[in-house]
Amino acid sequence: MTRTEQPPSADSGPTYDLVYQRIVKEQFDALALDAAFGKGLARRFRQGPMALCSKAIGTWVNRQLRRAGWTQQQLADRLGVDRSAVAYWIRGGNINLVNLAQVLLEFHSHWSELPIPPRQELALAAYLAALAYVQERVNPDGGKRLDRERFWALFHLFSEPSWERAVRRRDPDLLRAEAERIAAAVQTSLGRPPSVVGVEALQELVREWGVAWLICVGQVPCRWEIR
């Protein structure tokens, strides 16, 4: 392993080879990203998991209402809140601990019954939210939304130096081999065959999201494991 390489992040959060650090610094300086940007990124990073949990809890509350045969208004009356608050929770809005504890008591439920997503899903939600925030700043006219499949493609592309080396050498055979490696890794992470396959598709993905990915990974407040 050369001094410019980092070990693959098989059991950690997203990373990238050290050769990209110069690119990140140049982009960061060119875009005049400041402390306010960093604070916004950290806020989005932490809001992602919260939004995922709130959505899961809202679905659970709605299911409990149907089981009890109650309306939203009836639950609101029991809790001493407006019906709009119950509707907000069901839509995935944030519910505070006081109201959540009251909801559990009304439904004779326990904390363990709440459908909290697995930690990997929470971490993935954090990175997706942070990446969207960065993209809004660095490439507001960017292309497709970054879904789970495209996230995993970028993860496996940047976590090892092989793709960058193939690009630098302009070696079509090495690029094809890298595209195949990335597709196989995405299938393992995603649990199904990917649709983002081939050299051209990956090159387009890097053009759209590469800078945002590098800046995001370098600036998130912590690197939560996603595998």
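Residues numbered from 1 in each chain as written. Predicted model: local features only at pLDDT ≥ 70, side-chain atom pairs only at ≥ 80, totals over all residues. Heavy atoms only, no water.

Q: Help me out: how do you make sense of the overall build of the chain in this one?
A: Counting its regular elements, the chain contains 10 helices and zero strands. Listing every helix and strand of the chain by position from the N terminus yields α-α-α-α-α-α-α-α-α-α. Each of the 227 residues in the chain was classed as buried or not, and the buried ones make up 44%. Pairs at least 24 apart in sequence give 75% of the contacts found in the chain among residues at least 6 apart. About 12,400 Å² of surface is accessible on the chain, with carbon and sulfur atoms providing 51% of the total. (Helix = DSSP H or I, 4+ residues; strand = E, 2+ residues; numbered from the N terminus. Buried < 20%, exposed > 50% of the residue type's maximum accessible area, 1.4 Å probe, protein only. Contact = heavy atoms within 4.5 Å. Areas by Shrake-Rupley, 256 points an atom, 1.4 Å probe, with all protein chains shown as cover.)

Q: How should the environment of G93 be read in this particular structure?
A: Relative to the assigned elements, G93 resides in the loop between α4 (83-90) and α5 (97-106). Measuring from C-alpha to C-alpha, the distance between G93 and C53 comes to 9.6 Å, with 40 residues separating the pair along the chain. Not counting residues up to four positions away in its chain, the partners in contact with G93 are S54 and Y88.

Q: Sorry, what's going on with the pattern of salt bridges here?
A: Oppositely charged side chains may form a pair once their charged atoms are brought near each other. According to the stated counting rule, one finds 10 salt bridges in the structure shown. Note that E178 is salt-bridged to R181, the shortest N-O span being 2.8 Å. One end of the pair, E178, and the other, R181, are both in helix α9 (residues 172-190), three residues apart, so they sit about a helical turn from each other. Its salt-bridge partner being E204, residue R207 comes within 2.6 Å of it at the nearest N-O pair. Of this pair, R207 and E204 both sit in helix α10 (residues 199-219), three residues apart, which is roughly one turn of the helix. Of the residues examined, E204 reaches a relative accessible area of 35% and is grouped as partly exposed. (Salt bridge = Lys/Arg side-chain N within 4 Å of Asp/Glu carboxyl O.)

Q: Hey, could you run me through the nonpolar core in this one?
A: Within soluble globular proteins, side chains that are nonpolar tend to cluster in buried spots. V134, F151, W152, L202 and W213 are the most contacted members of the largest nonpolar core, which has 41 residues in total. Within the residue set of this core, elements represented by two or more residues are α2 (35-68), α6 (119-138), α7 (148-158), α8 (162-169), α9 and α10. Residues in contact with F151, not counting those within four places in the same chain, are P14, L124, Y127, L128, L131, L146, W213 and I226. L75, A76, V86 and F107 belong to the second-largest nonpolar core, a separate cluster that totals 16 residues. (Core = buried A, V, L, I, M, F, W, Y, C linked by side-chain atoms within 4.5 Å.)

Q: When you look at α5 in this model, what are you seeing that I'm missing?
A: Turning to α5, its buried residues number three or more, namely N99, L100, V103 and L104. Looking down the long axis of α5, one finds its buried residues gathered within 140° of arc, a one-sided arrangement. Facing away from the buried side of α5 by more than 90 degrees, the exposed set consists of L97, V98 and L105. Backbone nitrogen of V98 and a side-chain oxygen of the N-cap are separated by 3.2 Å at the start of α5; the cap is N96. Looking one or two places after α5, you find H108, whose phi comes out positive at around 55°. (Arc of directions from axis to C-beta. Polar contact = N/O pair within 3.5 Å; in protein donor to acceptor, adjacent residues only side chain to side chain.)

Q: I keep staring at unusual backbone geometry and nothing clicks. Help me out?
A: One non-glycine residue with positive phi stands out, namely H108, at about 55°. Locating H108 in the fold gives a position in the loop between α5 and α6. Given the relative accessible area of 70%, H108 is considered exposed. One non-glycine residue, R170, lies in positive phi territory at about 55°. Mapped onto the elements of the fold, R170 is located in the loop between α8 and α9.

Q: Would you mind showing me how to read the packing of aromatic side chains here?
A: One pair of aromatic rings is described through two measures. These are the centre distance and the angle between the planes. Within this structure, the stated rule accounts for 11 aromatic pairs. Ring plane angle 15° and centroid distance 6.3 Å describe the contact between F158 and W213, whose orientation is recorded as stacked. Remark: W213 occurs in helix α10 and F158 occurs in helix α7; sequence separation between them is 55 residues. Both residues of the pair, F158 and W213, belong to the buried class. Among the aromatic residues, those joined into a cluster by ring pairs are F45, Y127, F151, W152, F155, F158, W213 and W224. (Phe/Tyr/Trp six-rings, centres within 6.5 Å; stacked < 30°, edge-to-face > 60°.)

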